[in-house]
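Survey of secondary and tertiary structure
One letter stands for each residue in the lines below.
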Amino acid sequence: MKFNNVNVFISKNARLGKNVKVGDNTVIYENVVIGDDVTISNNCVIGEPTSEYYSDSCYSNKQTFIGSNSLIRSHTIIYAGCTIEEDFFTGHRVTIRENTKIGKKCRIGTLSDLQGHLEMGDYCWLHSNVHLGQGTKLGHFVFIYPFVVLTNDPTPPSNICKGVNVGNFSQIAVNSTVLPGINIGKHVLIGANSLVVKNIKDYILCAGNPAKEIKKVTEIKSRESGKIHYPWPYNFDRGMPWKGIGFDEWLKNNPKYD
Amino acid sequence: MKFNNVNVFISKNARLGKNVKVGDNTVIYENVVIGDDVTISNNCVIGEPTSEYYSDSCYSNKQTFIGSNSLIRSHTIIYAGCTIEEDFFTGHRVTIRENTKIGKKCRIGTLSDLQGHLEMGDYCWLHSNVHLGQGTKLGHFVFIYPFVVLTNDPTPPSNICKGVNVGNFSQIAVNSTVLPGINIGKHVLIGANSLVVKNIKDYILCAGNPAKEIKKVTEIKSRESGKIHYPWPYNFDRGMPWKGIGFDEWLKNNPKYD
Amino acid sequence: MKFNNVNVFISKNARLGKNVKVGDNTVIYENVVIGDDVTISNNCVIGEPTSEYYSDSCYSNKQTFIGSNSLIRSHTIIYAGCTIEEDFFTGHRVTIRENTKIGKKCRIGTLSDLQGHLEMGDYCWLHSNVHLGQGTKLGHFVFIYPFVVLTNDPTPPSNICKGVNVGNFSQIAVNSTVLPGINIGKHVLIGANSLVVKNIKDYILCAGNPAKEIKKVTEIKSRESGKIHYPWPYNFDRGMPWKGIGFDEWLKNNPKYD
């Protein structure tokens, strides 16, 4: 249905694995390497050349790598020089600029805008319309919700770029802004509509404009169940590697994620 | 000018009414039903298959219905399983996920992102870049402005989905966020940049982070005219069915909208 | 690489300067005039017809002008009736509605949404996903950051349109909202996540929800250098015309920008 081979352009210098499907009107440029069993839907651009392409007559495209078992939804643009591990999923109209490193099993929602020169670990889930500035560093299992912005220029405009760091298992709720160079610990929860202006320690709920420390996440009860919900890996395992094992047991065997 | 029949793909199983125009580079997939006098502009995707398409070899596309006299602007994606009544208008690059029900005479602005499994009544106007989570229920004549997010997960991440309900004639101003499961009454006005954390009664202006009840909307004077502006249907009738009749008279004859 | 002349449509009534490159799947409609050395990347729409096109059988496209040395990145839509001076740069998926006037050397970031009937001077830089309502007037060297909204309807919904005015060298940081008809002076800095509800005088830092006057921008020290950073033209000259000359000396010779 979506793969009729109409108006598809694939560079001769691209290398596609086994069972790769490419949607109509999609373009795959020079030096793109795609793993096995990847689906790239319609109207995508993979290996988009960087700015230098327009001015440098000796320009050559850096390698773009997309790991196996990935699904890139329609109208997504991924620049040359990105490295994306296996089991990657996107929504529609995602933009990922050059030199972005993405771990395995990540998901990036519709309209999200990754400005490049940034990195994230494994199992990060970005919802729709998340904006990550250059220099951002996300740990593993970081979840970010719509319209969140991670900034990087402390005194705009300047030539300083200080990205935001977010620790493992932390979450940033909708419409929040994090100021440049802020360090957010692990297992943190940033409430909706917050402006984060200082570093946040591990296991803290903070919220507000400016965001203040509210309490430990271990004190947050679910309004639905009345039970303690955080740290969330004890109460959520859909798509998570500790499913059927339990978080503690899994973590013991996977200490790199601690 | 926009309808040159270049690179258009229409499934043999789609049913198009009379005088339907389809723009260049647009795709209409299986089981799409389109009413009379509809214009679907260039680079659109109508009847986009759901996630199951990629994994289920027996997948078949649910019906997508778009009512008569609609205008879908370019680069819009509408998933299979949506039902949209007549006189529907979109801006550009709108994304509407599966199982969205939209009443008649609705307008959805550029870049808006409807996450599916949600519904809205008649005459809802969403401006640019509105994000509606799954489970959202909008009444009739609900107006929502840019960068508003209606959320649905009370303790992210979880498997609970509690959408926001918005009553008839209510409005949510720019950049506001509404927390999961909140009920907003009818004729409410939510001020710009607000975070709505509790239910809002009918005819109330609320604003702030967190949003507080400020006053009744009937106490808001227009800075321009010095006159009371709300309930707005008494002072605004462009494109509204009470034009030339008066709101009270019209409502008497159309009690379903009360 | 990006210019293979595949599925390109250029109206016979468009006039292209020397050395204009047009990307694949791009459409250039009637009455578009493009200067020399312009690159329009893939999947763009230039000279998009206005709403009247769909209803008026006598419709003719107003002139769209794009100045020399411009670079329009992919998936950008520019409506008929826009006038854009030389050295214009866009990101991806920018939408510019009709009757937008843009001075020279401006940059508009990915996903930005200019609603038309608005104007900006020279050297304005809009980052990603900026929303400018109709009636907006930006001076010269105005910098606006992601998810900022400049509004225009004081009592929504109404038929009143009062755009925001922003003075030369002013900046509006991420996720801020400016209410309708507000006048922001020159060399102003609006902090992140602010709601601007009243006029702001020259050289003021304001921030918060609602935004309050914090101090003079001349009192803001860079956390990095410990030095005074504002007015920023004394400390930033990348891409600026005073580079190598000094701001004061340049301004003396270019009093229109004062």
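The structure reproduced in this document is the subject of the present report. Everything numeric here is computed off the predicted structure, so don't read it as measured data.

1. Re the interface of chain A and chain C
On the chain C side, the residues contacting the 46 residues of chain A number 39 residues. Overall, the association of chain A and chain C removes approximately 3400 Å² of surface from exposure, summing both partners, and the carbon and sulfur fraction of that is 54%. Counting the surface chain A buries against chain C, the share from its top three residues, Y54, P156 and P157 of chain A, is 19%. Scanning the region where chain A abuts chain C turns up two salt bridges. A salt bridge links K2 of chain C to E48 of chain A; the shortest N-O distance between them is 2.6 Å.

2. Thoughts on the interface of chain A and chain B
Contacts between the two partners involve 39 residues from chain A and, on the opposite side, 46 residues from chain B. Both faces combined, the contact of chain A with chain B buries some 3400 Å², and carbon together with sulfur accounts for 53% of it. Connecting chain A to chain B are two salt bridges. Applying the counting rule to chain A against chain B returns 23 residue pairs in polar contact (both at pLDDT 80 or more). Class assignment of the residues belonging to the side of chain A that touches chain B gives a composition of 14 nonpolar, 19 polar and six charged.

3. Quick word on the environment of K162 of chain C
When you line up the elements, K162 of chain C lands in the loop between β22 (149-150) and β23 (165-166). When the C-alpha atoms of K162 of chain C and N152 of chain C are compared, they prove to be 4.7 Å apart, with ten residues separating the residues in sequence. The contact partners of K162 of chain C, leaving out residues within four places of it in the chain, are E224 of chain B together with T151, N152, P154, P180 and G181 of chain C. A polar side-chain atom of K162 of chain C sits 3.1 Å from a polar atom in the side chain of E224 of chain B.

4. A word on the sheet that holds strand β5 (residues 32-34) of chain C
Pairing is parallel across the open sheet formed by nine strands, whose spatial order is β2-β5-β8-β11-β14-β17-β20-β23-β26 (chain C). The open sheet has two free edges, formed respectively by β2 (15-16) and β26 (183-184) of chain C, since each of these has just one partner strand.

5. So, the relation of the copies chain A and chain C
Once chain A has been moved 0.0 Å along the axis and rotated by 120°, it coincides with chain C to within an RMSD of 0.0 Å. When the rotation and shift are considered jointly, the pair of chain copies conforms to a three-fold rotation axis. When the interface residues of chain A are mapped onto chain C, a mere 20% of them again lie at the interface, so each copy presents a different face.

6. Description of the sheet that holds strand β13 (residues 95-96) of chain A
All names here are of chain A. Taken together, ten strands build an open sheet; the order of strands is β1-β4-β7-β10-β13-β16-β19-β22-β25-β28 and the sheet is parallel. The open sheet has two edge strands, β1 (9-10) and β28 (195-196), and neither has a second partner. By the bridge criterion, two bridges tie strand β16 (residues 113-114) to strand β19 (residues 131-132) in an arrangement that is parallel. Across the sheet, the residue bridging to D113 is H131, located in β19.

7. Describing the pattern of salt bridges
As a working rule, side chains carrying opposite charge can pair if their charged atoms are close by. All names here are of chain A. Under the counting rule described, the total for this entry stands at 21 salt bridges over all chains. Salt-bridge contacts for R97 lead to E98; the nearest nitrogen and oxygen are separated by 3.0 Å. Residue R97 is classed as partly exposed on the basis of its relative accessible area of 21%.

8. Quick look at the packing of aromatic side chains
Evaluation of the coordinates by the stated rule reveals 69 aromatic pairs over all chains. The residue whose ring lies beneath R107 of chain B is W125 of chain B, and the NZ or CZ to ring-centre distance is 4.4 Å.

Analysis parameters
Residues numbered from 1 in each chain as written. Chains lettered and ligands numbered in written order. Predicted model: local features only at pLDDT ≥ 70, side-chain atom pairs only at ≥ 80, totals over all residues. Heavy atoms only, no water. Contact = heavy atoms within 4.5 Å. Buried area = accessible area lost by both parts, 1.4 Å probe. Salt bridge = Lys/Arg side-chain N within 4 Å of Asp/Glu carboxyl O. Polar contact = N/O pair within 3.5 Å; in protein donor to acceptor, adjacent residues only side chain to side chain. Nonpolar A, V, L, I, M, F, W, Y, C, P; charged D, E, K, R; others polar. Helix = DSSP H or I, 4+ residues; strand = E, 2+ residues; numbered from the N terminus. Pairing = 2+ DSSP bridges. Least-squares fit on C-alpha atoms with pLDDT ≥ 70 in both. Buried < 20%, exposed > 50% of the residue type's maximum accessible area, 1.4 Å probe, protein only. Phe/Tyr/Trp six-rings, centres within 6.5 Å; stacked < 30°, edge-to-face > 60°. Lys NZ or Arg CZ within 6 Å of the ring centre and 35° of its normal.

Distances and angles like these do not, on their own, reveal function.
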